[in-house]
Structure formats: structure tokens, C-alpha cells
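Geometric and topological summary
Okay, here's what each chain looks like letter by letter:
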Amino acid sequence: MWILYAVAASVIWGLSYASSGRVIEHGMAPLTFFFYYACFGAIAGALALAAGGRLGDLTGELRALGSDWPWFALALISSAAGTLLIYMAIGEKNATLASLIEISYPIFVALFAWLFFRQNQINTLTLVGGALIMGGVVVVFLANRG
């Protein structure tokens with residue numbers, strides 16, 4: 001199922017970026033858009049938790065993290081910062097180019113997984129794929145300078 005979830009996420013992110021680009025290009029500030037995104041996420045998350053009967057588990061799940069709570073905090077902060085930064089990039093250029101550069105993030109996932117947790121998630125084929133992604137980022141950047 002993971003591959004279906006990942007492909008569905010990719011399709012939905014494509015829809016999100018295209019529509020976000022339209023909204024930001026037509027005058028909404030990236031920070032304002034981010035505020036509405038965060039509010040919607042909080043409301044939708046609360047409703048989904050309530051519908052699944054999990055609203056009462058929030059503090060228990062947080063406590064269960066134990067000494068891993070700083071990773072939770074880092075995940076929240078970095079997710080919010082990344083979301084805001086992609087909206088700012090869309091506002092400065094456009095959704096297509098911003099997303100084509102952002103697509104290099106799997107390289108950093110592998111790097112941070114190794115640095116922080118000593119997890120090696122790279123093999124020869126994923127290394128080749130990562131090199132192709134970075135090559136694509138360079139091509140997109142060089143083709144769209146200015």
C-alpha cells in the first residue's frame with residue numbers, strides 16, 4: 001500500500017502546488033496563505049481525530065514519545081518552515097519551478113537519516129536516482145536564472 005499512498009500524495013501535492021500558485025500569483029501573500037493552510041490543517045485534523053475516536057489520545061501519544069519529544073518538535077518546526085518556504089518560492093517564481101527544485105528533498109531525507117539515526121537507506125540504484133534528481137535540479141536552475 002505504501003506505493004499507492006506515495007503516488008496519491010504526489011498527485012495531491014501537484015494539485016496543491018498548482019492551485020497554491022494560482023492563489024499566490026493573484027495577490028495572496030505566502031504568509032497569509034500559510035496561515036489559512038495551518039488553520040485548515042488544525043480543524044481538519046481535529047475533525048478526523050474526533051471521527052476516528054482518537055481525540056482523547058493526543059496527550060497519551062505525546063507522552064509515549066518519551067525522550068524522542070525533541071524529534072517531534074523538530075518535525076513540526078521543519079514541516080511548517082518548509083511549507084512556508086515553498087509558498088515563498090512560489091511567490092517569487094512559480095509553482096512548477098519551485099516544485100522542480102524542491103523535489104531534491106529525498107537527498108536530504110537520506111542525509112539526515114544517516115546523520116541523525118545512522119540509517120543507510122541508499123543503495124546503488126537509489127544513488128543513481130538521487131544523482132539524476134540533482135542533475136535535474138541543476139538543469140532547471142540553469143535554464144531559469146533571472
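Residues numbered from 1 in each chain as written. Predicted model: local features only at pLDDT ≥ 70, side-chain atom pairs only at ≥ 80, totals over all residues. Heavy atoms only, no water.

1. Focus: the packing of aromatic side chains
- Within this structure, the stated rule accounts for eight aromatic pairs.
- Note on Phe35 and Tyr36: the rings are 5.8 Å apart at their centroids and 65 degrees apart in plane angle, and the pair reads as edge-to-face.
- Site record: aromatic cluster; members linked through ring pairs are Trp71, Phe112, Phe116 and Phe117.
- Positioned above the aromatic ring of Trp114, the side-chain terminus of Arg118 is 4.5 Å from the ring centre. (Phe/Tyr/Trp six-rings, centres within 6.5 Å; stacked < 30°, edge-to-face > 60°. Lys NZ or Arg CZ within 6 Å of the ring centre and 35° of its normal.)

2. Describing the pattern of salt bridges
- As enumerated under the stated definition, the model contains two salt bridges in all.
- Asp57 is the partner of Arg54 in a salt bridge, and the nearest nitrogen-oxygen pair spans 3.5 Å.
- Residue Arg54 is classed as partly exposed on the basis of its relative accessible area, which comes to 39%.
- Arg54 serves as the salt-bridge partner of Glu61, at 2.2 Å between the closest nitrogen and oxygen.
- Judged by relative accessible area, Glu61 falls into the partly exposed class, the value being 41%.
- Taken together, the shared-partner salt bridges connect Arg54, Asp57 and Glu61 into one network. (Salt bridge = Lys/Arg side-chain N within 4 Å of Asp/Glu carboxyl O. Buried < 20%, exposed > 50% of the residue type's maximum accessible area, 1.4 Å probe, protein only.)

3. Comments concerning helix α7 (residues 124-143)
- When the terminal C-alpha atoms of α7 are compared, their 29 Å separation across 20 residues agrees well with the 28 Å that a helix rising 1.5 Å per residue should span.
- Of the positions making up α7, those classed as buried are Gly130, Val137 and Val140. The arc that holds every buried residue of α7, seen down its axis, measures 85 degrees, which confines them to one face. Seen from the buried face of α7, the exposed residues on the opposite side, beyond 90 degrees, are Thr124, Leu125, Leu127, Ala131, Leu132, Val139 and Ala143.
- Looking at the packing, one finds that the buried side of α7 touches α5 (95-102) and α6 (105-117).
- The N-capping residue of α7, defined by a side-chain oxygen 3.1 Å from the backbone nitrogen of Leu125, is Asn123. (Helix = DSSP H or I, 4+ residues; strand = E, 2+ residues; numbered from the N terminus. Expected span 1.5 Å × (residues − 1). Arc of directions from axis to C-beta. Contact = heavy atoms within 4.5 Å. Polar contact = N/O pair within 3.5 Å; in protein donor to acceptor, adjacent residues only side chain to side chain.)

4. Overview of a nonpolar patch on the surface
- A cluster of nonpolar residues, Trp71, Leu74, Ile103, Tyr105, Phe108, Val109, Leu111, Phe112, Trp114, Leu115, Phe116 and Phe117, forms a patch on the protein surface that exposes about 1,100 Å² of accessible area.
- Only α4 (69-92) and α6 provide two or more residues apiece to the nonpolar patch.
- For the nonpolar patch, the leading source of residues is α6, giving nine residues.
- Tracing the backbone shows Leu74 in helix α4. (Patch = residues over 30% accessible without salt bridge, like charges linked within 9 Å, V, L, I, M, F, W, Y side chains within 5 Å. Areas by Shrake-Rupley, 256 points an atom, 1.4 Å probe, with all protein chains shown as cover.)

5. A look at the packing of helix α2 (residues 30-51) against α4
- Contact geometry of α2 with α4 gives a least axis separation of 9 Å together with a crossing angle of 140 degrees. In terms of orientation, α2 and α4 fall into the oblique class. α2 and α4 meet at a crossing whose hand is right-handed. Residues Pro30, Leu31, Phe33, Phe34 and Tyr37 of α2 form the contact with α4, whose participating residues are Ala80, Thr83, Leu84, Tyr87 and Met88.
- Classifying every residue of the contact of α2 with α4 by side-chain character gives nine nonpolar, one polar and no charged. (Axes fitted to C-alpha atoms, helices over the stretch in contact; angles between N-to-C directions. Parallel < 35°, antiparallel > 145°, perpendicular 65-115°, else oblique. Left-handed = near helix turned anticlockwise from the far one by under 90°. Nonpolar A, V, L, I, M, F, W, Y, C, P; charged D, E, K, R; others polar.)

6. Describing the confidence of the model for the chain
- On average, the chain scores 93 in pLDDT, and the residues at 70 or more come to 99%.
- Mean pLDDT per element in the chain: α7 is the minimum at 89, and α2 is the maximum at 97. (pLDDT = per-residue confidence, 0-100.)

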